[in-house]
Amino acid sequence: MKDFSFNTISNQPTAKAFFLALSLLTRLPIPELENIDAQDSGRSALFYPLIGLIIGLILYLPVFLFPQASPLLLAAIVTVMWAMITGGLHLDGIADSADGWLGGADDKEKTLKIMKDPVVGAAGAIAIMCILLLKFAVLSALFQQASSLDNIYIGAIIILAPFIGRVMILLLMLVSENANPNSMANDVVNHLARNKVAWVIGISFLILAFFSFLGLAFALVVFGFTRRLMHKRLGGYTGDTLGATVEITEVMYLIAYALHLS
């Protein structure tokens, strides 16, 4: 008789791809995965937006459980949880990108070398501080509005912010080149099911536009600008700039919605 334990189920191709994506993008516990290959990495990319939704749902838990709590306290809790769930993965990406852009002086090799340095410089520290400050401020504004506006929509925007960040990873992989062929993202890119990814992105954009067309438009404009910077300096993206893209588009989606309400 076959063993239908949870570990056996989790190592089926689809489940393995899901848990692989979960392990890459979060610090949430997963079952032990066996015989991971490059094709599994490629398949896992299709689950990136779903992982974003899971992160968003977790972030909304304090808001759901303690709706009468101070907006400032809730904003602080959600901001801290946001960093903890991902283990600071994407914050590290934006820090390395900021250090590379400031110190690289329009030199690709020098920029990449700085970005690989594990030490966070002044530009990186400032970039992390700015992102966290913006997230805290915009969450505070949204929670203060929640008493007079439809809580469902505000909750949806908070849940969708991590979602759009992971969708933009797929978009960047789809429309840009990998500037560092030796990076961890190489297996994902080389085995990316591009047609399926395009469908996932299209459906995701419809969902995002339904709740905030302005937020999606704002995020796409900023995405286009940052992509142009990546191509000008590096000729494409790296793992760090993918992380930076996540952080920037998340906060832009939130900011655009909050500005629309004010």
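See the structure printed just above.
Residues numbered from 1 in each chain as written. Predicted model: local features only at pLDDT ≥ 70, side-chain atom pairs only at ≥ 80, totals over all residues. Heavy atoms only, no water.

## A word on the overall build of the protein
In terms of helices and strands, the protein carries 13 helices and zero strands. Its helices and strands taken in sequence order, the protein reads α-α-α-α-α-α-α-α-α-α-α-α-α from the N to the C terminus. In terms of overall size, the protein behaves like a compact globule, its C-alpha atoms giving a radius of gyration of 19 Å where 262 residues would be expected to give roughly 18 Å. With respect to the three principal axes, the spread of C-alpha positions in the protein is 60 × 50 × 35 Å. Counting the 262 residues in the protein, one finds 48% classified as buried. When contacts within the protein are restricted to residue pairs at least 6 apart in sequence, those whose partners lie at least 24 apart make up 77%. Working note: accessible area of the protein is about 12900 Å², and carbon and sulfur atoms make up 67% of it. A distance of 6 Å separates the average location of the 16 positive side-chain charges in the protein from that of its 18 negative side-chain charges. (Helix = DSSP H or I, 4+ residues; strand = E, 2+ residues; numbered from the N terminus. Rg over C-alpha atoms; globule rule 2.2 N^0.38 Å. Buried < 20%, exposed > 50% of the residue type's maximum accessible area, 1.4 Å probe, protein only. Contact = heavy atoms within 4.5 Å. Areas by Shrake-Rupley, 256 points an atom, 1.4 Å probe, with all protein chains shown as cover. Lys, Arg positive; Asp, Glu negative; His and termini not counted. Charge placed at Lys NZ, Arg CZ, Asp CG, Glu CD.)

## Digging into the packing of aromatic side chains
For the structure shown, the criterion picks out four aromatic pairs. Measuring from centroid to centroid gives 5.8 Å for F18 and F47, while their planes differ by 75°, and the two rings are edge-to-face. With a gap of 29 residues between them, F18 in helix 2 (residues 13-25) and F47 in the loop between helix 3 (38-44) and helix 4 (48-65) connect regions that are remote in the sequence. Summarising the burial analysis for this pair, F18 and F47 share the class buried. With 5.1 Å between their ring centres and 85° between their planes, F210 and F211 make a pair best called edge-to-face. Residue classification places F210 among the exposed residues on the basis of a relative accessible area of 58%. (Phe/Tyr/Trp six-rings, centres within 6.5 Å; stacked < 30°, edge-to-face > 60°.)

## Re the pattern of salt bridges
Under the criterion given, the structure shown has six salt bridges. The salt bridge partner of K16 is D40, with a shortest N-O separation of 3.5 Å. With K16 in helix 2 and D40 in helix 3, this pair connects stretches of sequence that are 24 residues apart. Put simply, R43 and D40 hold a salt bridge, and the shortest N to O gap is 2.5 Å. Here R43 and its partner D40 are both found in helix 3, three residues apart, which amounts to about one turn of the helix. By relative accessible area, which is 32% here, R43 ends up partly exposed. Residue class for D40 comes out buried when judged on its relative accessible area of 2%. Among the charged side chains, a network of salt bridges with common partners joins K135, R166, E247 and E250. (Salt bridge = Lys/Arg side-chain N within 4 Å of Asp/Glu carboxyl O.)

## A closer look at a nonpolar patch on the surface
Judged by side-chain polarity, L61, F64, L65 and F66 come together as a nonpolar surface patch covering roughly 450 Å² of accessible area. Tracing the chain through its elements places L61 in helix 4. (Patch = residues over 30% accessible without salt bridge, like charges linked within 9 Å, V, L, I, M, F, W, Y side chains within 5 Å.)

## So, the environment of S212
Among the structural elements, S212 can be located in the loop between helix 11 (194-211) and helix 12 (213-233). Separated by 52 residues in sequence, S212 and L160 have C-alpha atoms that sit 9.8 Å apart. Look past the residues within four positions of S212 in its chain and what remains in contact with it is I157, Y253 and Y257.

## Section: the nonpolar core
Formed by 69 residues in total, the largest nonpolar core has its most connected members in Y48, F143, M173, F205 and L208. Here the element with the most residues in this core is helix 9 (residues 151-175); it accounts for 15 residues. If we skip the residues at most four places from it in the chain, L208 touches L160, F163, I164, F213, L216 and Y253. (Core = buried A, V, L, I, M, F, W, Y, C linked by side-chain atoms within 4.5 Å.)

## Here we look at the packing of helix 5 (residues 71-86) against helix 8 (residues 122-145)
Helix-helix packing is characterised by the crossing angle of the two axes and by the distance between the axes. Running from N to C, helix 5 and helix 8 point in directions that differ by 140°, and their axes come no closer than 8 Å. On the basis of their axis angle, the class for helix 5 and helix 8 is oblique. Read as a crossing pair, helix 5 and helix 8 show a hand that is right-handed. Note on element contacts: helix 8 touches helix 5 through L132, K135, F136, L139, S140, F143 and Q144, opposite P71, L72, L74, A75, A76, V78, T79 and W82. (Axes fitted to C-alpha atoms, helices over the stretch in contact; angles between N-to-C directions. Parallel < 35°, antiparallel > 145°, perpendicular 65-115°, else oblique. Left-handed = near helix turned anticlockwise from the far one by under 90°.)

## Describing helix 4
Along its 18 residues, helix 4 runs 26 Å from first to last C-alpha, staying within 8% of the 26 Å computed at 1.5 Å per residue. Along helix 4, the sharpest kink reaches roughly 30°, centred on L59 and followed within four residues by the proline P62. Buried residues of helix 4: Y48, P49, I51, G52, I55, G56, L59, Y60, P62 and V63, and no others. (Expected span 1.5 Å × (residues − 1). Bend = angle between axes of the 7 residues up to and from the residue.)

## Overview of the side chain of S41
Note on placement: S41 falls in helix 3. Contacts of S41, omitting those with residues within four sequence positions, involve L20, D187 and V188.

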